[in-house]
Amino acid sequence: MKLLRRALLVLLVILIIAWFTVPAMVENRRNKVLHPGPYHASPAAEALHKSLIVADLHADSLLWKRNLLERSSRGHVDIPRLAEGNVALQAFTLVTTSPRNLNIYKNSDDTDQIRDIAMAEGWPPGTWGSPKMRALYEASKLHQFAAESQGKLVIIKSRADLQKYLDTRSEGMVAGFLGTEGSQPLEGDLENIDQLFNAGIRMMAPTHFTDTAIGGAAAGIKKGGLTDLGRQWVRRLESKSMIIDLAHASPATLRDVTAMATRPLLVSHTGVKGTCDNPRNLSDDELRAVAKTGGVIGIGIWETATCGTDARAAARAIRYAVQVVGIGHVALGSDFDGAITAPFDASGWPLLTEALLQEGFSPQDIRLIMGGNVVHMLLQTLP
Ligand SMILES: [Zn+2]
């Protein structure tokens, strides 16, 4: 009896230690920073960067077990690091399914590592089997952080919210807006759009790494176009003034959505084939099709997006995209905290401003790329 009690006690201690250490270990392995801060750009770049409204279209930070109000040595994004990087607006994208052994070529739905993460991080049991509940839980975390932030973090849900924030923003304030990676949280039912909208979600992609009931994924098995349900999905999102994000969509899905959209489209995180030719990145024609809707393309900073490991590689991809679609359609889409290795964390954005200066962009062009284009688009498209 004594032995059993001792064994149970040991087991309990192990579980408690695992509760605190496993999520940190998993995140440390997934979200690496190549060059940890503090970061130092040139005085000219620092001065210009301070004057910008910086907007990043993609970060998966809500997937991880961290209090985003506190500065962390893990991952890429938290509010203190965003403030330090002078980020005014951060899209927080909700990941709800992701296959094991994920790759940019071909993935099936047979496995799902987000379930493992949800269990390991102690998410409510209702989330373990439900992508919708995972999205709602992750969204609730951002609302909770905002409520506890003493005004440092605000959530943007409408044009009026954004305009008010821009008019009254003081140093150190950050705004977030919510989107989903893929339409998996709908669980095949468009009626769920309302529930996600009511949770503050304003952006949704048709797919993540796998094909969905809405359309094919660039890294899916069939990689088909929009389904009939997908066409209804486009109309439904447009009628609610939600933004469609074509990141991860198959070429056929991108073609179908750009052909029928009546509102500006967005690609929240991508590279361009022109500087990094792989199936994850957009061709010139795809860039043009998105820009033609009045949309914006967020260029990433990770190696699969840029074929490089520094800010200069991202600046080259941005230069290429601007040459194809013009200065008014290119933006930032870091994919921070999206299981990538980043050259810098969210406090290091001045390094990109510096790289854009070195790439020959004017301060006015940099103003648009670093956030001006996103703000302009959101002020046109949010409810
Ligand atoms: Zn992604």
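Placed above this text is the structure.
Below, the structure is looked at part by part.

The rules we used
- Residues numbered from 1 in each chain as written.
- Predicted model: local features only at pLDDT ≥ 70, side-chain atom pairs only at ≥ 80, totals over all residues.
- Heavy atoms only, no water.
- Donors = N, O, S within 2.8 Å, 3.2 Å for Na, K, Ca; no water.
- Tetrahedral: all angles 85-135°; square planar, octahedral: opposite > 155°, others 65-115°.
- Helix = DSSP H or I, 4+ residues; strand = E, 2+ residues; numbered from the N terminus.
- Buried < 20%, exposed > 50% of the residue type's maximum accessible area, 1.4 Å probe, protein only.
- 1 Å grid on protein atoms, 1.4 Å probe; cavity = no way out; pocket = protein on both sides within 12 Å on 5 of 7 lines; lining within 4 Å.
- Points joined across faces, edges and corners; volume = space filled by probe spheres on them.
- Nonpolar A, V, L, I, M, F, W, Y, C, P; charged D, E, K, R; others polar.
- Lys, Arg positive; Asp, Glu negative; His and termini not counted.
- Salt bridge = Lys/Arg side-chain N within 4 Å of Asp/Glu carboxyl O.
- Polar contact = N/O pair within 3.5 Å; in protein donor to acceptor, adjacent residues only side chain to side chain.
- Contact = heavy atoms within 4.5 Å.
- Core = buried A, V, L, I, M, F, W, Y, C linked by side-chain atoms within 4.5 Å.
- Axes fitted to C-alpha atoms, helices over the stretch in contact; angles between N-to-C directions.
- Parallel < 35°, antiparallel > 145°, perpendicular 65-115°, else oblique.
- Left-handed = near helix turned anticlockwise from the far one by under 90°.
- Pairing = 2+ DSSP bridges.
- Right-handed = clockwise from strand over helix to strand, strands pointing away.

### Some remarks on the coordination of the zinc ion
Phase 1 of the analysis: Here the zinc ion is held by E181 (OE), E181 (OE), H248 (NE2) and H269 (NE2), and the distances to it run 2.1 to 2.7 Å.
Phase 2 of the analysis: Coordination at the zinc ion comes from 4 donor atoms whose angles at the metal span 48 to 129°, giving a geometry best classed as irregular.
Phase 3 of the analysis: In primary-sequence terms, the residues that donate to the zinc ion follow E-x66-H-x20-H. Highlighted residues: E181 in strand β5 (residues 174-181) and H248 in the loop between β7 (243-244) and α9 (251-260), separated in sequence by 67 residues.
Phase 4 of the analysis: The class for H248 is buried, based on a relative accessible area of 9%.

### Overview of the layout of surface pockets
Phase 1 of the analysis: Volume-wise, the largest pocket comes out at about 470 Å³.
Phase 2 of the analysis: Considering the residues around the largest pocket, the lining is formed by 32 residues, among which L102, D335, G338, A339 and I340 are closest to the centre.
Phase 3 of the analysis: If you list the elements that add at least two residues to the lining of the largest pocket, you get α4 (113-120) and α11 (303-306).
Phase 4 of the analysis: Tallied by class, residues from the lining of the largest pocket come to 14 nonpolar, 11 polar and 7 charged.
Phase 5 of the analysis: One number sums up the size of the second largest pocket: a volume of about 340 Å³.
Phase 6 of the analysis: As for the second largest pocket, its lining consists of 14 residues, of which E46, K50, A83, E84 and N86 are closest to the centre.

### Considerations on the side chain of D245
Phase 1 of the analysis: With respect to the helices and strands, the residue D245 is situated in the loop between β7 and α9.
Phase 2 of the analysis: The side chain of D245 sits in the buried core without any salt bridge; R280 is the nearest counter-charge, 7.9 Å away.
Phase 3 of the analysis: Here the side chain of D245 touches A247 through a polar contact of 3.0 Å, landing on its backbone nitrogen.
Phase 4 of the analysis: Sequence-distant contacts of D245, that is, excluding residues within four places in its chain, are made with M203, M204, A205, P206, L266, V267 and S268.

### What to know about unusual backbone geometry
Phase 1 of the analysis: A cis amide bond links G37 to the next residue, P38, at an omega of 0°.
Phase 2 of the analysis: Checked against the element boundaries, P38 lands in the loop between β1 (32-33) and α2 (43-50).
Phase 3 of the analysis: Phi is positive for N86, which is not a glycine, with a value near 55°.
Phase 4 of the analysis: The exposure class of N86 is buried, given its relative accessible area of 14%.

### Here's the deal with the nonpolar core
Phase 1 of the analysis: W233, I318 and L352 are the most contacted members of the largest nonpolar core, which has 83 residues in total.
Phase 2 of the analysis: A per-element tally of this core places helix α12 (residues 311-325) first, with 8 residues.
Phase 3 of the analysis: Excluding residues that lie within four positions of it along the chain, I318 makes contacts with I299, V330, L332, L352, L356, F361 and I369.
Phase 4 of the analysis: In this structure, I243, V296, V374 and L382 belong to the second largest nonpolar core, which totals 20 residues.

### Thoughts on the packing of α2 against helix α13 (residues 350-358)
Phase 1 of the analysis: Interaxial distance between α2 and α13 falls to 9 Å at its minimum, and their mutual angle equals 115°. Relative to α13, α2 is oriented roughly perpendicular. Handedness of the crossing formed by α2 with α13: right-handed. Between α2, through A44, A45, E46, L48 and H49, and α13, the contact on the second element is made entirely by P350, T353, E354 and L357.

### Some remarks on the environment of T275
Phase 1 of the analysis: Inspection of the secondary structure puts T275 in the loop between β8 (266-270) and α10 (284-292).
Phase 2 of the analysis: Sequence separation between T275 and A314 is 39 residues, and the spatial gap between their C-alpha atoms is 9.5 Å.
Phase 3 of the analysis: Once residues within four sequence positions are removed from consideration, T275 is found in contact with T306, C307, R316, A317 and Y320.

### Digging into the pairing of β5
Phase 1 of the analysis: Burial runs high along β5: 8 of the 8 residues are buried.
Phase 2 of the analysis: Across 3 bridges, strand β4 (residues 153-155) lies against β5 in parallel orientation. Opposite L153, over in β5, you have V174 as the bridge partner.
Phase 3 of the analysis: Taken together, the 3 bridges between β5 and strand β6 (residues 201-204) define a ladder with parallel strand orientation. In the strand pairing of β6, T180 is matched with M204.
Phase 4 of the analysis: Running through helix α7 (residues 192-198), the crossover from β5 to the neighbouring parallel element β6 is right-handed.

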